[in-house]
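Spelled out from the first residue to the last, the chains are:
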Amino acid sequence: MARILTLTLNPALDLTLRLDQLQPGVVNRCHGFASHAAGKGLNVAQVLADLGHSLSVAGFLGRANAAPFEALMHRRGFHDLFVRVPGETRSNIKLAEADGRITDLNGPGPQVEAEHLEQLLEELAPLLAGHDAIVVAGSLPRGVAPEWFAGLLRRLRASGVPLAVDSSGAALSAALAVAPWLVKPNEEELAEACGSDLAAAVRGLRAQGIEHVLLSRGAAGVDWHGPGIALRAIPPRVAVASTVGAGDSLLAASLHGVLSGWPAERTLRLATAVAAQAVTQVGFGIHDREQLARLEAAVQLQSLEE
Ligand SMILES: Nc1ncnc2c1ncn2[C@@H]1O[C@H](COP(=O)(O)OP(=O)(O)OP(=O)(O)O)[C@@H](O)[C@H]1O
Ligand SMILES: [Mg+2]
């Protein structure tokens, strides 16, 4: 069992409303409602907990609606290191229609001030060395500039603890310049940060000192480039219930294999299966071990030319 710290700077309360067909501009009756404390670092933490690890979770939480997050952390036995900020953590509303179409309405997060940034750095600094890995995942809240984010990542990396980052846009570009130990962009995110020649982009990142690049390719699977590793995994075809948490599941299970000292093939097979299992569920996480074993057996692995 490893001790892992995940950072979610911009968590969200996911509110899913089910309705037959969305009609804009009129009252719509919904026949289902679910609310979940979420955010990429918290999602990664939950899958890592399912895989048997001990988790600390940090980031910024709006004080006004912290209860569902606190309930989740309590239920999962996570060590709560979140800095509380005034206001509400954002809500991300998902309107799920009967034909499978989903409309996302992502709210603004609370404003994070310089004092909160300082507090997070101060509180985390003495605790970093007690962890086997650090995962920073998701977007930046209002008030957090990519430059500050890069500074945070540099501080985390300087602790010597392996640092994994999953973000997008300006935050991903800032992160890549810091050269963390592992990054997990999807194809679109990598193209936006490094240009459309993805093979050249991956080579560039590796040359710059990023040890592991997990390039996720949606239903087509994932390419893993690491020290002595150049592997592609292709998942079996599965019925898609919701892709929420697929990337987070892939990252969590990859980390599990690497931290467990498994061979790359075994690691990637598990990670691809855990991600495929996530898409078959409305939520994510490892609940059905038999289904997971079937998915693992059906993952195809290929070696990639370096
Ligand atoms: N339809 C699918 N069938 C099987 N596996 C899938 C499917 N979609 C995604 N996956 C798996 O999940 C992994 C991550 O998906 P994707 O590349 O879409 O990540 P992402 O865009 O970062 O997702 P997220 O929305 O969670 O951030 C893929 O590498 C793949 O292994
Ligand atoms: Mg992603």
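For clarity, every value in this text was computed on a predicted model and none was experimentally measured.

**Q** Before we go on, may I ask you to explain the sheet that holds strand β3 (residues 32-38) in this structure?
**A** Each strand in a sheet pairs with another by means of backbone hydrogen bonds, the pair being arranged parallel or else antiparallel. The sheet built from four strands is open, its strands ordered β3-β2-β7-β8 with mixed pairing. Strands at the two margins of the open sheet, each flanked by one partner only, are β3 and β8 (102-106). Put simply, the sheet's adjacent strands are angled 15 degrees from each other on average, direction ignored.

**Q** When you look at the packing of helix α8 (residues 246-259) against helix α9 (residues 264-279) in this model, what are you seeing that I'm missing?
**A** Two packed helices can be described by the angle between their axes and the distance between those axes. Put simply, α8 and α9 touch, their axes get as near as 8 Å, and they point 155 degrees apart. Considering their axes alone, α8 and α9 lie roughly antiparallel with respect to each other. Here the hand of the crossing between α8 and α9 comes out right-handed. Where α8 abuts α9, its residues Ala246, Ser249, Leu250, Ala253, Ser254, Gly257 and Val258 lie against Arg266, Thr267, Leu270, Ala271, Val274, Ala275, Ala278 and Val279. Classifying every residue of the contact of α8 with α9 by side-chain character gives ten nonpolar, four polar and one charged.

**Q** Quick question: what am I supposed to make of the site of ligand 1 here?
**A** Around ligand 1, 20 residues are found, and the nearest of them are Ser216, Ala219, Ala246, Gly247 and Ala275. At the level of secondary structure, the elements contributing two or more residues to the shell around ligand 1 comprise α8 and α9. Of the residues assigned to the shell around ligand 1, the class counts are ten nonpolar, eight polar and two charged.

How each quantity is defined
- For every chain, the first residue of its written sequence is number 1, and the numbers climb from 1 along that sequence.
- For this description, chains carry letters from A and ligands carry numbers from 1, given in the order in which they are written.
- pLDDT decides what is reported in this predicted model: residues at 70 or higher carry local features, side-chain atom pairs at 80 or more are listed and counted, and totals for whole chains, interfaces and linings draw on all residues regardless.
- When DSSP finds two or more bridges between two strands, those strands count as paired.
- Note on conventions: DSSP H or I runs of at least 4 residues are helices, E runs of at least 2 residues are strands, and numbering of each starts at the N terminus.
- Lines fitted to the C-alpha atoms define the axes, with helices restricted to the stretch that makes contact. Angles between their N-to-C directions range from 0 to 180 degrees.
- With respect to orientation, any angle under 35 degrees is reported as roughly parallel, any angle over 145 as roughly antiparallel, any angle of 65 to 115 as roughly perpendicular, and every other angle as oblique.
- By the definition used in this description, the sense in which the near helix is turned from the far one sets the handedness, with an anticlockwise turn below a right angle giving left-handed and a clockwise turn giving right-handed.
- It is the C-beta atoms, placed from the backbone, that decide contacts: two residues are in contact if theirs lie within 7 Å.
- Charged residues are taken to be Asp, Glu, Lys and Arg, nonpolar residues to be Ala, Val, Leu, Ile, Met, Phe, Trp, Tyr, Cys and Pro, and polar residues to be all remaining types, Gly included.
- To decide nearness, the C-beta atom of each residue is placed from the backbone, and the residue is near a molecule or strand if that atom lies within 6 Å of it.

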